[in-house]
Amino acid sequence: MKIMNAYGTPRIVASFSERVVVPGEPFSLMCAAKGAPPPTITWTLDDEPVARDLSRVRASQYTLSDGSTVSHVNVSSPQIRDGGVYRCAARNSAGSAEYQARINVRGPPRIRPMKNITAVAGRNTFINCRVIGYPYYSINWYKEGLLLPDNHRQVVYENGTLKLSDVQKGMDEGAYVCSVLIQPQLFITQTVYVTVKVPPLIQPFDFPPTSIGKLMYIACVVSSGDMPIRITWRKDGQEIVPSSGITIDTKEFMSSLQISKVSLKHNGNYTCIASNDAATVSTERQLTVTVPPRFVVQPNNQDGIYGKAGILNCSVDGYPPPKVMWKHAKGTLAGIGNPQQYHPVPLTGRIQIMNNGSLLIRHVLEEDRGFYLCQASNGVGSDISKSMVLTVKIPAMITSHPNTTMAKKGHVKELNCTARGEWPIIIRWERGDTVIDPDRNPRYSITTSPNEKTDEVLSTLKLKPAEREDSVFFSCHAINSYGEGRGLIQLTVQEPPDPPELEVREVKDRSMNLRWTQRFDGNSVITSYDIEYKNKTDSWELKHATRNISPTNNQANIVDLHPASVYSIRMYSYNAIGKSEASKELTISTEEAQPDGPPMDVILQPVTSQSIRVTWKAPRKELQNGVIRGYQIGYRENGPGSNGQYSIVEMKATGDSEVYTLDNLKKFAQYGVVVQAFNRAGTGPSSSEINATTLEDVPSQPPQNVRAISVTSDEAVITWAEPPRMTLHGVLKGYRVVFWAVFPDGEWGEMQNITTTKEQVELRGLEKFTNYSIQVLAYTQAGDGVRSNVLYIQTREDYPGPPAGIKAVPSSASSVVVSWLPPHKPNGIIRKYTIYCSSPGSGQPLPSEYEANPELLFYRITHLNHRQQYLIWAAAVTTAGRGNFSDKVTVEPAAKAPAKILSFGGTVTTPWMKEVRLPCSSVGEPTPTIKWTKDSEDTAIPVSLDGQRLILANGTLVLRSVKAEDSGYYTCTATNTLGFDTIIVNLLVQVPPDQPRLTVSTTSTSSITLAWIPGDNGGSSIRGFVLQYSVDNTEEWKDVFISSSERSFKLDNLRCGTWYKVKLAAKNSVGAGRISEIIEAKTHGREPQFNKDQPVFTHINSSHARLNLQGWASGGCPISAVTLEFRPKGTWTWQSVRTNATTDVFLAELREATWYELKMKACNSAGCGNQSSQFATLDYDGSTIPPIKSPLEKNDDVKKLFSIGCPVILVTLGVALLFIIRKKRKEKRLKRLRDAKSLAEMLISKNNRSFDTPVKGPPQGPRLHIDIPRVQLLIEDKEGIKQIGEDKATIPVTDTEFNQTGNPQSFCTGVSVHHPALIQNTGPLIDMSDIRPGTNPVSRKSVKSAHSIRNRYSSQWTLTKCQASTPARTLTSDWRTVGSQHGITVTESDSYSASLSQDTDKGRNSMVSTESASSTYEELARAYEHAKLEEHLQHAKFEITECFISDSSSDQMTTGTNDNADSMTSMSTPSEPGICRFTASPPKPQDYDRGKNVAVPIPHRAKSDYCNLPLYMKSDPFFRKQSEHHDPCPVVPPREASIRGLAQRAYHTQGRHVTMDSAKQQALTMGHSGLSNLTSSGASSGGATGGCGGGSGSGGASSSSSSSTLPQRTLTMPGSSASVAQSAAAAAAATAAAAAGASSSSGGCGAVGATGGTPGGVSSSSSKMGGSRDSLLESSSSGLGRLQKQRDGGAGAYSKSYTLV
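Owing to the predicted nature of the structure, the values given are computational and were not obtained by experimental measurement.

**Brief notes about the overall build of the protein chain**
1) Next: Scanning the protein chain for helices and strands turns up 10 helices and 110 strands.
2) Next: Taking all 1701 residues of the protein chain together, 48% fall into the buried category.
3) Next: Summed over its atoms, the accessible surface of the protein chain is roughly 82,000 Å², and 51% of this surface lies on carbon and sulfur atoms.

Listed below in structure tokens is the structure:
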């Protein structure tokens, strides 16, 4: 292995070892090397590159992160030829390294072919015998049959390598045989021939010395070596060119070099090189040419300047280089130089000979003048020399001056300066860098006098007198032609010192640390200091002093000061000259000290079970040691198990007397309380501990181990154990057992309770065989505690009660059928029924008994005698025995039996959305027919059969997915030729409960107390309430489950100062009801605010500022964090400090005398408050600094003008823009009002003439002025309500035919005003989210601006008034109608209602928002106007009687109902939320002839009618469709077209009060079905629609087209038929129903009329729709004719309603 160790050369760091492998066995060789740069590794096998056979042999190489190069050789399927010596060689630019090892591959050995070798005589040669295959025994070498080695120059190595040292041509040349013993007596051999070559040998030669111009010949002879031999010459390593003057002549073994004329360029090294096939050799010799010395630059006479450097030039050359020597002789040009007087110049650091021979004198002195001789020699020829003269010139110089001198301030001082040099000499004085001119500054004078004896000049500067500013360096300058000299004089003017600069380093309560700096000591050492201080209010005559303070000190402590006092401090300094003035007076306030006295008169008063009020007075004034900032109240529980540690709360001081309430204490526990006062310095001593006990509270846990045992069928025993003592929170007064029955239908019985002091109670008088829920609670003086978990128990069985009913009917001549009802009180499980039958005249003493299956409630008794009477009765049997007998009924078998019903009537209760079966089993001969009807008002309507209703073969009526509107009285009638029988079933459908009315009772910083009034229970008792609440700006709702008996709840642990949303829903056996309106409430508290009366800073010095965080008012919520940001004024980077402290905070490391900007932000749970300020640190002397002006503030006036002008301009533009917008809105609003006015005039005009009279001229009716003084109760803060879109004044109304008889019994007019709310990003006109029941809606825009994500409302206001012409059913006391039996109606007062409907997510798919809406004020104004115009209340006075703003819709209104009475009852309830009523006093009754002009709708319209429609009505798709069938319309301006269209399509109205004559019964109808956003009609068969006119009224029912409509809250007054019966009302009701059915779910009905009529059959009617949309009404004589023909028929009603969209 060969490794080169030079720096950076490679080195092998990892390698492989010798090994033996089997053919086909893969092996891998690794070699790693390091070097700089990283080396490259190559591989050889037996000195041949490794052959890369990709199928067998692969080599790879990579570099590691540490710079190592790693190479691998992988042989996948080795063969014998892959064995041998592997060598890895690492090479880089710095060198190489190698490593080798043998890899033996098993197999027959053989020798690799060897090439013949040429060896060089005299050198070493290696002959390798490469054997492959393994194993073998040995390797031997032979020459000429002799085993080698045979001499000392031959060596044979174990690996078979033969080494020949110092090879000789005759002896070592020849054939060599390698012999390998592979088996005993078996050899393999191979021969290699070695040829020896002899290298050339050059005879020594040399160049003789020569000089310029001589001849030169030299020969290079090779004395031995194999021919041919090649000989060449080189000079200085380069080839010799022919132009160099050198000739070369070469022969067979000799070469000569000839120079005809030697010159200096021939100097150099010459090399003779001889080479042949064996080697190359060379010999190098030097040729030197000598030259005698000569001058290049000769010396000349020259001047030298004293003190400056001088060079005496003398430059020579020659070869060898000449040696120069300088000599010096005294004398000048006036004398004669004598060469014998020359002496060698001593070479020192000042005098040196330069490389070119010149003499360098670094600093010329006067003794350097004289003769100088330059002499040169190099041994070639004779020496040369040359002399010159050096003259020394003296420059001006200062010879005498004082370095330093002292002067006293105010005294005369002289400064002297002496100079010499070549004349003339000028003297100049300077003070610092300024030339002194006595003419300009008379305080200085200069005098100069020459001294001829010494050739010197004396100059004097006089200061008259010396001042402080003269303590500088003065310089005296002497100037002549050869230079300038300067002398520095430091003058020190001494005086008494300046006063020290005093600053306060630290201030404590009773001491302070002062530090001072002595700025100017008067140029005299400070000897001592004096400090004087006094109380700020005292004079300096009462001062305290500290004298003779060591000058080595720069700080001192003043002790024994009084806390919180103000002191004045000054200081003096002394030196040898005198005493300084007094320093600047500092005013220092000492810190506060901890109070030395406790608070006084501490009193404890328990307030609640968890709070104690603590009152006390401040410590005595002399012990407060500063301003009392607050108090720490420590309290601890003194009961068993307490740890004895005090809990600490803090409060700020408010005065001399303080009060604090400790909250969240344990109930009925004794607490010890101490109070400590604190100021800025800390906390003082605490008061003596005083004990108090919190008040009693209710137990927090129920009694334990509650158990119930049923003793008898009506008695149970309840036992329990006392609750844990720690949970009683008071003195246990007793226990209360609460229990209620749970009936099989899921209903709950009345809740009862028993109070006892024992731990056991007997419950007597329970219902038999009934499930009971039982809870037990403990109570204290404070009230009832927590109830235990509900425990269920069932009383035991007992004798059953009698069957609730029994029927017996004949079924044949010998049999009867008996049916019965189960007992009201089964008192157990009915096992069977026993039926008894006896015949009074038969003579049998005992009745016959029959047993019936308990599942069947009927039994057929056969084998009876025809026409014999029988008594039949029944009894139920339980496990306890037979119960009481039922009533006895008499029956007689008959062959022909009239129809009888076996089933029983009564009340059936069921949850909604379930299937209900109402049985109606009948018997009779012939077989009876079954008919089911449902009562509606005073009529019975046949039950329509559809997918939801069907009648089975046995007469059972099946109702699927029952709803609330399915409730009512159902009549089953069985009829045959011999008679009929009926039963009435009252179906009660239980629905989820109605929404509760939720209000907020009280609020605190951490709680909200809620109260509510439950709504309708839906027919099932309320099981409980679910209260949901969330933070206002989130939708993360939390649920709280509340008992059904509770009517209030307190939400605790709420965030202070935070708005919360709350909603409530009730639950009954059906499920959860509608959620109440979402109300919002805020806990007490607000964000922190900084008290303007409090200082922002309490202390500021040059590097620190103390902030007064006590200036922050918490707003009622504890401050959680305070963030401070400050920066030097004029900089950009803010430094931030965050702290939880509430007292003081230090700002440290401030810049001295710098203005700062400060921003503070204090946060609590309610929000964050901000405070900005500026402050300046003090100067180093404690003085304040003036306000600074930054460069940016130079144009302050312009900036101020700009800052003032821009807002003014923006405000002006904003006001102008707002004015324009308001003006445009006003114009639009006025336009809409003008349209409404035109409609009103048209209505009055049409009402004052016959319906067939053409419209001519303006309306003849009276012009009315509408005054609504109090309507703003509904729209407070109207200006802040956002206008949503634009209004449209379209008036779509129903267009149908009257085709049914009836008499007008009631007259209703309604005006509905719809508006959408909360569509996308807009808010409602009235934000219902912030309204509590019983209050007026107020837009809370200061709290929230976006409501769209919180509620979804689509609201409408409806004004409705109804009157009855006959005595009407009184629904509530608010609707008063007095009827007359003589056909004359006297109405005391009428009521209008305005209701706001709320669209919730549950079942509200029937309402669609309109496109746009106006403000509520405007809508109500229109509603009033139309209502008053149509009713002719010219002299009516309107006033608001009551107003409840809330969601007033319900599930029943949502799904629709036929029960108009129910709808009106719920709508007229005074406490119903969302209703405002307007009561009007009636005008004088009008002439009944007014009623002759009745508007009758017809289904057709003239072609030109479309052209006269207003533009906004033409935009409706229906009218656009109609226009395709009409002639083109004439061009009419939109406004004119609108007025013309309204005028030509006006509606006839009738007088509000009509006097009826029995002889002249006049049909009075009036109405339009008000629908908004009409859609395609959809017909469906069935019963009732919603609370609108979609249902069938009494007197007739429309069965053609009906569908559910918008649940609009419209109030109607139904009337019953009396002496007056008119004709057209029933037709009007049918028309209204058809119109409502044609409308989509987006519509809404303005009013519903439904009054009585004649019972009996009702003829079917069909309503014909004008296309798929309602069209405008028109007067028609044919319609009136039909109306007059039918006036003697049944009663009816027609409702009229306008809907403004």
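**Considerations on the sheet that holds strand 72 (residues 816–823)**
1) Next: Reading across the sheet, the 3 strands line up as 71-72-75 and stay open at both edges, with antiparallel pairing between neighbours. Each of the sheet's edge strands pairs with one partner strand only, and the pair in question is strand 71 (803–810) and strand 75 (858–861). With direction set aside, neighbouring strand axes in the sheet form an average angle of 20°.
2) Next: Of the strand pairs in this sheet, strand 71 and strand 72 are connected by 7 bridges, and their pairing is antiparallel. Of the residues in strand 72, the one forming a bridge with K807 is S819.

**Topic: the state of the cysteines**
1) Next: One pass over the structure, following the stated rule, counts 8 disulfides.
2) Next: Covalently, C31 is tied to C88 through a disulfide, its sulfur atoms 2.2 Å apart. As the torsion about the S-S bond is roughly 45°, the C31-C88 disulfide counts as right-handed. With a gap of 57 residues between them, C31 in strand 3 (residues 27–34) and C88 in strand 8 (residues 84–92) connect regions that are remote in the sequence.
3) Next: Residue classification places C31 among the buried residues on the basis of a relative accessible area of 0%.
4) Next: C1056 shares a disulfide with C1117; S-S distance 1.8 Å. As the torsion about the S-S bond is roughly -80°, the C1056-C1117 disulfide counts as left-handed.

**Quick look at the pairing of strand 7 (residues 69–75)**
1) Next: For strand 7, a buried count of 6 out of 7 residues is recorded, marking the element as mostly surrounded by other parts of the structure.
2) Next: In this structure, strand 3 lies alongside strand 7, joined through 7 bridges in antiparallel fashion. The residue of strand 7 that forms the bridge with A33 is T69.
3) Next: Looking at chain direction, strand 6 (residues 57–63) and strand 7 are connected through 7 bridges and run antiparallel. When the sheet's bridge partners are listed, V57 is paired in strand 7 with V75.

**With respect to the packing of aromatic side chains**
When we look at a pair of aromatic rings, we describe it by the centre distance and by the angle of the planes.
1) Next: Tallying each qualifying case throughout the model produces 23 aromatic pairs.
2) Next: Ring plane angle 55° and centroid distance 5.4 Å describe the contact between W516 and Y529, whose orientation is recorded as tilted. Pair noted here: W516 is in strand 49 (residues 512–517) and Y529 is in strand 50 (residues 526–535), with a separation of 13 residues, a long-range link.
3) Next: With a relative accessible area of 2%, W516 lands in the buried category.
4) Next: By relative accessible area, Y529 is classed as buried at 4%.
5) Next: By the ring-pair criterion, three or more aromatic residues cluster together here, those being F1097, F1126, Y1156 and F1175.

**Points about the nonpolar core**
1) Next: If you look at the biggest cluster of nonpolar residues, it comprises 22 residues, and the most contacted ones within it are I12, F16, W43 and Y86.
2) Next: Contributing elements (two or more residues each) for this core: strand 3, strand 4 (40–45), strand 7, strand 8 and strand 9 (95–105).
3) Next: The dominant element in this core, judged by the number of residues it contributes, is strand 9, at 5 residues.
4) Next: Leave out the neighbours within four places in its chain, and I12 touches C31, A32, A33, C88, A90, A97, E98 and Y99.
5) Next: Counting 21 residues, the second largest nonpolar core, distinct from the first, contains C417, Y444, L463 and F474.

**A word on the pairing of strand 19 (residues 186–197)**
1) Next: Here strand 11 (residues 117–120) pairs with strand 19 via 4 bridges, running parallel. When the bridges of strand 19 are listed, T118 appears paired with T195.
2) Next: Across 9 bridges, the pairing between strand 18 (residues 174–183) and strand 19 is antiparallel. Its bridge partner lying in strand 19, Y176 is registered against V192.
3) Next: Counted along the chain from strand 18 to the antiparallel partner strand 19, the turn is 2 residues long, and its residue Q185 has a positive phi close to 65°.

**Description of the side chain of Q518**
1) Next: Residue placement: Q518 occurs in the loop between strand 49 and strand 50.
2) Next: A polar atom in the side chain of Q518 sits 2.5 Å from the backbone oxygen of D498.
3) Next: In this structure the side chain of Q518 is engaged in a polar contact, spanning 3.2 Å, whose partner is the side chain of S573.
4) Next: Setting aside chain neighbours within four positions, we find Q518 in contact with P497, D498, P499, P500, I526, Y529 and S573.

**Describing the environment of K413**
1) Next: Relative to the elements of secondary structure, K413 occurs in strand 41 (residues 413–420).
2) Next: Under the relative-accessibility criterion, K413 is labelled buried at 17%.
3) Next: For K413 and L461, which are 48 residues apart along the polypeptide, the C-alpha to C-alpha distance reads 8.3 Å.
4) Next: Beyond its immediate chain neighbours, meaning those up to four positions away, K413 contacts T405, M406, A407, L461, K462, L463 and L491.

**Focus on the environment of T552**
1) Next: With respect to the helices and strands, T552 occurs in the loop between strand 51 (544–549) and strand 52 (555–558).
2) Next: In the structure, T552 is positioned 24 residues away from S528 in sequence and 8.6 Å away in space, judged by C-alpha atoms.
3) Next: Within polar-contact distance, the side chain of T552 engages the side chain of S550 at 2.8 Å.

**What to know about the sheet that holds strand 11**
1) Next: Spatially, the 5 strands line up as an open sheet ordered 11-19-18-14-15, and their pairing is mixed. On the outer flanks of this sheet lie strand 11 and strand 15 (146–147), each paired with one strand and no other.
2) Next: Pairing analysis gives 2 bridges linking strand 14 (residues 138–143) to strand 15, with the strands arranged antiparallel. Bridging from a neighbouring strand, K143 pairs with L146 of strand 15.

**Describing unusual backbone geometry**
1) Next: Cis geometry marks the peptide bond from A36 to P37, where omega comes out at -5°.
2) Next: In this structure, P37 sits in the loop between strand 3 and strand 4.
3) Next: Of note, the bond from K464 into P465 is cis; its omega dihedral lies within 30 degrees of zero at -15°.
4) Next: Mapped onto the secondary structure, P465 falls in the loop between strand 45 (456–463) and strand 46 (473–480).
5) Next: Of note, D46 is a non-glycine position whose phi angle comes to about 50°, a positive value.
6) Next: By the secondary structure assignment, D46 is in the loop between strand 4 and strand 5 (48–49).

Rules used throughout
Residues numbered from 1 in each chain as written. Predicted model: local features only at pLDDT ≥ 70, side-chain atom pairs only at ≥ 80, totals over all residues. Heavy atoms only, no water. Helix = DSSP H or I, 4+ residues; strand = E, 2+ residues; numbered from the N terminus. Buried < 20%, exposed > 50% of the residue type's maximum accessible area, 1.4 Å probe, protein only. Areas by Shrake-Rupley, 256 points an atom, 1.4 Å probe, with all protein chains shown as cover. Pairing = 2+ DSSP bridges. Axes fitted to C-alpha atoms, helices over the stretch in contact; angles between N-to-C directions. Disulfide = S-S within 2.5 Å. Phe/Tyr/Trp six-rings, centres within 6.5 Å; stacked < 30°, edge-to-face > 60°. Core = buried A, V, L, I, M, F, W, Y, C linked by side-chain atoms within 4.5 Å. Contact = heavy atoms within 4.5 Å. Polar contact = N/O pair within 3.5 Å; in protein donor to acceptor, adjacent residues only side chain to side chain.

Read these as geometric descriptors, not functional statements.
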